[in-house]
Amino acid sequence: MKVSVIVTTYNRPSYLKKVLEGLAFQKTLPDEVIVADDGSGAETEDVVRGFAEKASFPVIHVWHEDKGRRAAKTRNEAIKKSVCGYIVILDDDCIPDRRFVYDHIRLAEKGCFVQGKRVIVGRKASGAFSARDANSLPALLKLAAGFSISNSHHILRMPFFPARRNRKLKGIMSCNMGFFRDDIFAVNGFNEAFVGWGREDSELGVRLFNYGIKRKEHLFRAICYHLWHPSYPRESLQRNDMILEETIKSGVYFSPYGIIKKH
């Protein structure tokens, strides 16, 4: 199965570089990487270009003008550019474990999307934390002992542990999510009515549920390491909560404000 990894980014070139290095270090390499850029400056472009020159797989940079946080729109633009049957969404603050792509492939199942897990890297540790650290059990255990990471149970490798399937909305995070391309097009991608931080991933999850897709997750597979950064402004959260509630009440699965615009 061929896999596109989409990395959402905005003006965090040092973190993005670490995430891309993590993708180059995969046990199973992605078939393409698409950087979904929400309007970053030239430094991010330089990072993507430099990575693309060395990568053994195609690297595409999708950019639009900075008009505030429009993560839904930039992800949709990247999804449209993708050519693989399976898509994994990752953020520029989430360094993947070296079995990240391999695990997403192994967990992929018709009728499901995969919700990956994340280990939280603390503020003091995030600056020096690298893809090498993400794949060193001694380094991770040392950080866990010093309370520099949380959710540290995810660092254990127990692939035999059973995956869970549910329709739980809590904990849906598009910083680590995998789905079949046909399914994301069936619900018309992310809802671009979401501007500013919050809830666009939850609303996508609701529409996938409404379409008949279950959530699948594994406590010890498809892991990424979330680097600390200042919180996003949340002035749009109340409005975004209202959009989410409307979708929950309506039971719809197709957004008119998604990949294909309905006028």
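Remember, it's a predicted structure, so these values are computed and weren't measured experimentally. (Residues numbered from 1 in each chain as written. Predicted model: local features only at pLDDT ≥ 70, side-chain atom pairs only at ≥ 80, totals over all residues. Heavy atoms only, no water.)

## With respect to the sheet that holds strand S10 (residues 176-180)
The strands that make up a sheet are held in pairs by hydrogen bonds between backbone atoms, and each pair lies either parallel or antiparallel.
Reasoning step 1: Strand order in this open sheet of 8 strands is S3-S2-S1-S4-S10-S6-S11-S9, and the pairing throughout is mixed. Each edge of the open sheet carries a strand with a single partner, namely strand S3 (59-63) and strand S9 (164-166). Between one strand axis and the next, the sheet turns through 25° on average, direction left out of account.
Reasoning step 2: Bridge count for strand S4 (residues 86-91) against S10 is 5 bridges, and the pairing is antiparallel. Counted as the bridge partner of Ile 87 is Phe 179 from S10.
Reasoning step 3: This element, helix H2 (residues 42-54), spans strand S1 (3-9), strand S2 (32-37) and S3 of the sheet and lies at about 160° to S3.
Reasoning step 4: Sitting on the sheet, helix H3 (residues 71-81) is in contact with S1, S2, S3 and S4, with an inclination near 155° to S2. (Pairing = 2+ DSSP bridges. Helix = DSSP H or I, 4+ residues; strand = E, 2+ residues; numbered from the N terminus. Axes fitted to C-alpha atoms, helices over the stretch in contact; angles between N-to-C directions. Contact = heavy atoms within 4.5 Å.)

## So, the packing of helix H9 (residues 200-211) against helix H10 (residues 237-250)
Reasoning step 1: Running from N to C, H9 and H10 cross one another at 5°; their axes reach a closest spacing of 9 Å. It follows that H9 is roughly parallel to H10 by the angle criterion. Taking contact as the criterion, the partners of Ser 202, Glu 203, Val 206, Arg 207 and Asn 210 in H9 are, on H10, Leu 244, Thr 247 and Ile 248.
Reasoning step 2: Residue composition of the contact of H9 with H10, by class: 3 nonpolar, 3 polar and 2 charged. (Parallel < 35°, antiparallel > 145°, perpendicular 65-115°, else oblique. Nonpolar A, V, L, I, M, F, W, Y, C, P; charged D, E, K, R; others polar.)

## Topic: the pairing of strand S12 (residues 223-226)
For a regular strand, side chains alternate in direction, first toward one face of the sheet and then toward the other.
Reasoning step 1: The alternating pattern of S12 places Ile 223 and Tyr 225 and Cys 224 and His 226 on opposite faces, both of which are buried.
Reasoning step 2: Across 3 bridges, strand S5 (residues 94-96) lies against S12 in antiparallel orientation. Looking at the pairing, Pro 96 lines up with Cys 224 of S12.
Reasoning step 3: Inspection of the sheet shows strand S7 (residues 117-121) paired to S12 by 4 bridges, in the parallel sense. Note that in S12 the partner of Ile 120 across the bridge is His 226. (Buried < 20%, exposed > 50% of the residue type's maximum accessible area, 1.4 Å probe, protein only.)

## Observations concerning unusual backbone geometry
Reasoning step 1: Unusually for a residue other than glycine, Asn 11 sits at a positive phi of about 50°.
Reasoning step 2: Within the secondary structure layout, Asn 11 lies in the loop between S1 and helix H1 (13-24).
Reasoning step 3: We note that Phe 147 has phi near 55°; this positive angle belongs to a residue other than glycine.
Reasoning step 4: In this fold, Phe 147 is placed in the loop between helix H7 (137-145) and strand S8 (149-150).
Reasoning step 5: A relative accessible area of 75% means that Phe 147 is categorised as exposed.

## Concerning the packing of aromatic side chains
To describe a pair of aromatic rings, one takes the distance between the centres and the angle between the planes.
Reasoning step 1: If you walk through the whole model with that rule in mind, you get 6 aromatic pairs.
Reasoning step 2: With a centroid separation of 4.9 Å and 85° between ring planes, the pair formed by Tyr 86 and Phe 180 is classed as edge-to-face. Here Tyr 86, found in strand S4, pairs with Phe 180, found in strand S10; they are 94 residues apart in sequence, far enough to count as distant. We note that Tyr 86, like Phe 180, is buried.
Reasoning step 3: Taking 5.1 Å as the distance between ring centres and 90° as the angle between the ring planes, the aromatic pair formed by Phe 161 and Phe 220 counts as edge-to-face. Taken as a pair, Phe 161 in the loop between S8 and S9 and Phe 220 in the loop between strand S11 (214-217) and S12 lie far apart in primary sequence, 59 residues in all. (Phe/Tyr/Trp six-rings, centres within 6.5 Å; stacked < 30°, edge-to-face > 60°.)

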